[in-house]
Amino acid sequence: MNALRTALPLAIAYLRERTMATLLNIALLALGVGTIIALILTLNQAGQRMERDAAGIDLVVGAKGSPLQLILSAVFNVDIPTGNIPLADAMMISAEPMVKRSIPLSLGDSFRSFRIVGTNPSYLELYDAQIAQGRVWNKALEAVVGAEVARATGLTVGSKFAGAHGLGDGGGDHGDQPFTVVGVLKPGGSVVDRLIVTSLDSVWLVHEHEISAAGASTAKAADAHKHDENREITALLIQYASPMAAVAFPRRINAVSGLQAASPALETARLFTLVGFGISALKLFAGIMMVCAALGIFIGLMNALNDRRADLALLRVLGADRATVLLTVLIQGFALGIAGVILGTLLGHAATEWMGSLVGKIHRVPLTGWTWAREELWVIASALALTLLASLFPAWRAYRDAMPELLSRT
Amino acid sequence: MQVELSGLRAGYGGRVVLALDALSIADGEHTLVLGPSGCGKTTLLNILCGIDVPVSGSVTVSNVRLDTLSVSQRDHFRGRQIGLVMQRLHLIPALTVEGNLRLAQKLAGFKTDDTHIRGTLASLGIADKLTAQPRQLSQGEAQRVAIARAVINRPALILADEPTSALDDGSCDSAIDLLFSQAKSCGATLIVATHDQRIKPRFSRVLQLSKAAA
Ligand SMILES: Nc1ncnc2c1ncn2[C@@H]1O[C@H](COP(=O)(O)OP(=O)(O)O)[C@@H](O)[C@H]1O
Ligand SMILES: [Mg+2]
């Protein structure tokens, strides 16, 4: 304890003496730690989101195209859909005995870049979405908005809004077919927070209207039954009745022309292997930065040792034992480590929050720096261990070389 | 008795450079160790403060048998009981004058005492140097800081190695005055080792060393 009391001010005085090298080492360490922490926070949140959003969905049926795109668009609501499939096909699939639950989705419109999803109330059940205010829709053009949508747009029960064509911001809008908000959902941490949910009828109504407005006004009295046959949805979310279904069921659907089946679990796993290389490279880079920082600390301490032989011997002359001398050097290295780690942790969280604010505006995907991950402790611990390791040899050298007898004669 | 030596043989690598069959110095008996360069004066001081151990013989300082202590025990003893003014002053350049003195207090295991630091600097006439860096000091000021550091923990024994050899006659006298007055104010015994004949008259007790035969 006394050693610490003595060593700390001395270590700080020494570090202050070489400001540039000290700052450089701290910055390097902070960058390494910060990068890894930002990666961890981002990946963790993305992973948790994906797991939550894909929970209970065994298979997604949609139009042929990229299976990853189908999953991204239908489950995570981040990509554009692969196309549409006939409602009749979807109904046939739903009737299969291997299907326990099926939820149709119809996508295509948005409001201020929040997606409007046409579906049935079982979609809300899938995510356990609770009504905070109002009620679920019971007729066309009534909508329920997710908590985040309500927060960001100010929509509330009774508000009217017009969907815009397309999933981004700025498509032409359907101003003549406004939706009425009849319910606001509680925040649930799932994709529904960022969605406007309505009935399939609503989506069809808006688009039929568009078609007829586009010229086919003579066909407006078209037979309702026939119309029904031509109806389309974007995707069908499926929960199997038994895990055995995974073996043959997707293959059967893929055989049908125009349809494809994709598994969220498989596609997310594939996504992570795709981005996995980039992540590993980034982690390696950050790791190298940390090692460089440790090397810098090592070199700095070794140089200081040569410059300050006399000082270290003096500590002995003034009554410090060799353990205190060893601690002095160790504390110098460790002080750098702690400064770098604190700065790096702050940096990592700030960077994540900043990325979140950028990404959030464009894609409506939540990402925050105001959260913690257990893996961070590992990063912090290994950074500190690394600096301790870097200080160990110089400290031992100081222990060995601090000889007061050298001082009294020179 | 402040210092008690008997049958002392000290040397390096098998060569004896200092032989003292018996020496005792009473409390407050300020002593000058005089002799030509290379006769073993610094060796004697090193043994008295526990930096070196003798080849044989016993060393008792302030009733402690130094030759029987471990290295770290001798370090602790030195920090608390001995004030050392070395030939070269060795102030730590990264610390201010105040920082150097505080360090001496902490290393000895004492609480830092800023009032005592200021008082000591004032008694040495360098009160205004409290926050100065060592490199901003003149040679004379630096020596006073080194003396301050030696006495800051109120040691029982003050050892000064060649404190006057680089000084002109006037400064030589005032350096010795300061050492005497500081020894008095902390009740310490002063031992000065030097080849400088000018200060011989200032001491009532003089230990004359001559070069040991090889
Ligand atoms: N570390 C050492 N190794 C070998 N010989 C030494 C060492 N230190 C001092 N000596 C020798 O011991 C003798 C006494 O040295 P020292 O006590 O420094 O003399 P003084 O202080 O009286 O000038 C000298 O001959 C010197 O060369
Ligand atoms: Mg000498």
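Rules used in this analysis
- Residues numbered from 1 in each chain as written.
- Chains lettered and ligands numbered in written order.
- Predicted model: local features only at pLDDT ≥ 70, side-chain atom pairs only at ≥ 80, totals over all residues.
- Heavy atoms only, no water.
- Helix = DSSP H or I, 4+ residues; strand = E, 2+ residues; numbered from the N terminus.
- Rg over C-alpha atoms; globule rule 2.2 N^0.38 Å.
- Buried < 20%, exposed > 50% of the residue type's maximum accessible area, 1.4 Å probe, protein only.
- Contact = heavy atoms within 4.5 Å.
- Areas by Shrake-Rupley, 256 points an atom, 1.4 Å probe, with all protein chains shown as cover.
- Buried area = accessible area lost by both parts, 1.4 Å probe.
- Salt bridge = Lys/Arg side-chain N within 4 Å of Asp/Glu carboxyl O.
- Polar contact = N/O pair within 3.5 Å; in protein donor to acceptor, adjacent residues only side chain to side chain.
- Nonpolar A, V, L, I, M, F, W, Y, C, P; charged D, E, K, R; others polar.
- Patch = residues over 30% accessible without salt bridge, like charges linked within 9 Å, V, L, I, M, F, W, Y side chains within 5 Å.
- Near = heavy atom within 4 Å.
- Pairing = 2+ DSSP bridges.
- Axes fitted to C-alpha atoms, helices over the stretch in contact; angles between N-to-C directions.
- Phe/Tyr/Trp six-rings, centres within 6.5 Å; stacked < 30°, edge-to-face > 60°.
- Lys NZ or Arg CZ within 6 Å of the ring centre and 35° of its normal.

Draft legend 1. Summary view of the overall build of chain A. Each helix and strand in chain A was counted, giving 14 helices and 13 strands. Against the 2.2 N^0.38 benchmark of 22 Å for 410 residues, chain A shows a C-alpha radius of gyration of 31 Å, more extended than a compact globule. With the principal axes as the frame, chain A shows a C-alpha extent of 110 × 45 × 35 Å. A burial count over chain A gives 47% of its 410 residues as buried. In chain A, the proportion of contacts linking residues at least 24 apart, taken out of those at least 6 apart, comes to 80%. Only carbon and sulfur atoms are counted for the fraction: they give 66% of the accessible area of chain A, which is about 19,300 Å².

Draft legend 2. Summary view of the overall build of chain B. Broken down by element type, chain B carries 6 helices and 9 strands. Against the 2.2 N^0.38 benchmark of 17 Å for 214 residues, chain B shows a C-alpha radius of gyration of 17 Å, consistent with a compact globule. For chain B, the spread of C-alpha atoms along the principal axes amounts to about 50 × 40 × 30 Å. Taking all 214 residues of chain B together, the buried fraction comes to 55%.

Draft legend 3. The interface of chain A and chain B, seen in detail. Between chain A and chain B, the contact holds 26 residues from the first and 33 residues from the second. Both faces combined, the contact of chain A with chain B buries some 2,400 Å², and carbon together with sulfur accounts for 61% of it. For the interface between chain A and chain B, the tally reads 1 salt bridge. In this structure, R316 of chain A engages D75 of chain B in a salt bridge whose closest nitrogen and oxygen atoms are separated by 3.0 Å. One can count 8 residue pairs in polar contact (both at pLDDT 80 or more) joining chain A with chain B. Counting residues per element, the ones that place at least two in the side of chain A that touches chain B are α1 (2–17), α11 (309–317), α12 (322–363) and α14 (404–407) of chain A. Top element by residues in the side of chain A that touches chain B is α1 of chain A. It accounts for 8 residues. Looking at side-chain class alone, the side of chain A that touches chain B contains 12 nonpolar, 6 polar and 8 charged residues.

Draft legend 4. Region of interest: a nonpolar patch on the surface. A cluster of nonpolar residues, W354, M355, L358 and V359 of chain A, forms a patch on the protein surface that exposes about 370 Å² of accessible area. According to the relative accessible area criterion, L358 of chain A is partly exposed, its value standing at 43%.

Draft legend 5. Representation of the site of ligand 1 within the structure. Taken together, R409 of chain A together with Y12, R15, V17, S37, G38, C39, G40, K41, T42 and T43 of chain B make up the full set of residues adjacent to ligand 1. One finds residues of chains A and B in close proximity to ligand 1. In the environment of ligand 1, an oxygen atom lies 2.7 Å from a nitrogen or oxygen atom belonging to the backbone of G38 of chain B. At 3.0 Å from an oxygen atom of ligand 1 is found a main-chain nitrogen or oxygen belonging to G40 of chain B. Protein chains shield 65% of the accessible area of ligand 1, which is 560 Å² for the free molecule. With 3 residues, the single largest contributor to the shell around ligand 1 is helix α1 (residues 41–48) of chain B. Of the residues that constitute the shell around ligand 1, the class distribution is 3 nonpolar, 5 polar and 3 charged.

Draft legend 6. Representation of the sheet that holds strand β9 (residues 205–208) of chain B. Residue and element names in this part refer to chain B. In space, the 5 strands of this open sheet follow the order β6-β7-β8-β3-β9, with parallel pairing throughout. Each edge of the sheet is formed by a strand with only one pairing partner; in this case those strands are β6 (82–85) and β9. The mean inter-strand angle of the sheet, taken between neighbouring strand axes irrespective of direction, is 15 degrees. As defined by bridge partners, strand β3 (residues 31–34) adjoins β9 across 4 bridges and the pair is classed as parallel. When the bridges of β9 are listed, L32 appears paired with V206. Strands in contact with helix α5 (residues 139–151) are β6 and β7 (157–161); relative to β6, the strand with the most contacts, it is inclined by about 165 degrees.

Draft legend 7. Just the packing of aromatic side chains, in detail. Residues and elements named next belong to chain A. As enumerated under the stated definition, the model contains 7 aromatic pairs over all chains in all. Taking 5.4 Å as the distance between ring centres and 15 degrees as the angle between the ring planes, the aromatic pair formed by F161 and F179 counts as stacked. Taken together, the residues span a long stretch of sequence, with F161 in strand β7 (residues 160–161) and F179 in strand β9 (residues 179–185) at a distance of 18 residues. Three or more aromatic residues joined by ring pairs form one cluster here, namely F111, F161 and F179. When the ring centre of Y14 is taken as reference, the NZ or CZ atom of R308 above it lies at 3.9 Å.

Draft legend 8. Molecular detail of unusual backbone geometry. All names here are of chain B. For R154, which is not a glycine, the phi torsion comes out positive at approximately 50 degrees. By the secondary structure assignment, R154 is in the loop between α5 and β7. For E162, which is not a glycine, the phi torsion comes out positive at approximately 45 degrees. Along the polypeptide, E162 turns up in the loop between β7 and α6 (169–185).

Draft legend 9. Molecular detail of the sheet that holds strand β5 (residues 64–65) of chain B. All names here are of chain B. Spatially, the 4 strands line up as an open sheet ordered β2-β1-β4-β5, and their pairing is antiparallel. The sheet is open, and its two edges are formed by β2 (15–25) and β5, each paired on a single side. Bridge analysis of strand β1 (residues 3–12) against strand β4 (residues 56–61) gives 5 bridges, and the strand direction is antiparallel. In the sheet register, V3 faces β4, and the bridge partner there is V61. Where α1 meets the sheet, its contacts fall on β1, β2 and β4, and the angle it forms with β1 comes to roughly 120 degrees.

Draft legend 10. Examining the environment of A94 of chain B more closely. Secondary-structure assignment places A94 of chain B in the loop between β6 and α3 (97–107). Counting along the chain gives 61 residues from A94 of chain B to V33 of chain B, while the straight-line C-alpha distance between them is 33 Å. Those residues in contact with A94 of chain B that sit more than four places away from it in its chain are A13, Y14 and E17 of chain A together with Q133 of chain B.

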